[in-house]
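# Per-entry structural report
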Amino acid sequence: QVQLVESGGGLVQAGGSLRLSCAASGSIFSIGARRWYRQAPGKQRELVATITSGSSTNYADSVKGRFTISRYNANNTVYLQMNSLKPEDTAVYYCNAAVRTTGSRYYYDTWGQGTQVTVSS
């Protein structure tokens, strides 16, 4: 079993910053690409940022230049540094990872429970 646990969400004023963390734990053999998604009320879940196992990154156009994804493989944690936050960034943020568990030959899509980010104007 593998768990992803997000933390770092909260309420911040427009222009402020937050740093989200997502820690993976359990019987992990390796982790491939890691992603952050978000879902605002009444909207579909959207991909915000991706970081591969080789640390290549990709961002949604709406967050380029403001958000930075990074990973620290020693503790199986991925981060999302969010700067210059806007009210439209308000959403539940979910982390996602392709995880290969010990004894498995395959990578499985794994999700965290989500953390709320609210940006006030």
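All figures in this text were calculated on a predicted structure; none of them were measured in a lab. For every chain, the first residue of the written sequence is number 1, and numbering continues from 1 onward in sequence order. The predicted origin of the model limits local features to residues at a pLDDT of at least 70 and limits the giving and counting of side-chain atom pairs to 80 or more, whereas totals for whole chains, interfaces and linings rest on all residues. As a rule here, side-chain values come from all non-hydrogen atoms in the structure, and water together with hydrogens is ignored.

## Focus on the state of the cysteines
How we decide: When two cysteine sulfur atoms lie within 2.5 Å, the pair is treated as a disulfide. Counting from the N terminus, the helices are DSSP H or I runs at least four residues long and the strands are E runs at least two residues long. Note on classification: 1.4 Å probe, protein chains only; a residue is buried when its accessible area is under 20% of the maximum for its type, exposed when over 50%, partly exposed between these limits.
One pass over the structure, following the stated rule, counts 1 disulfide. Cys22 shares a disulfide with Cys95; S-S distance 2.0 Å. Linking Cys22 and Cys95, the disulfide has an S-S dihedral of approximately 45 degrees and is accordingly described as right-handed. Placement of Cys22 in strand β3 (residues 18-26) and of Cys95 in strand β9 (residues 91-101) is noted, with a sequence separation of 73 residues between them. Across the pair, exposure class does not vary: Cys22 and Cys95 are buried alike.

## Things to note about the pairing of strand β4 (residues 28-39)
Here is the rule: Paired strands are those between which DSSP finds at least two bridges.
By the bridge criterion, 9 bridges tie β4 to β9 in an arrangement that is antiparallel. Note that in β9 the partner of Tyr37 across the bridge is Tyr94. Here β4 hands over to strand β5 (residues 46-51) after 6 residues, with Gly42 in that stretch at a positive phi of 75 degrees.

## Let's talk about the side chain of Thr110
What counts, and what does not: N or O atoms closer than or at 3.5 Å make up a polar contact, with two conditions inside protein: a donor-capable atom paired with an acceptor-capable one, and, for residues adjacent in sequence, both atoms drawn from side chains.
If you trace the backbone, Thr110 turns up in strand β10 (residues 108-111). On the basis of relative accessible area, Thr110 is assigned to the buried category, the value being 12%. One polar contact links the side chain of Thr110 to the main-chain carbonyl oxygen of Tyr108, over a distance of 3.3 Å.

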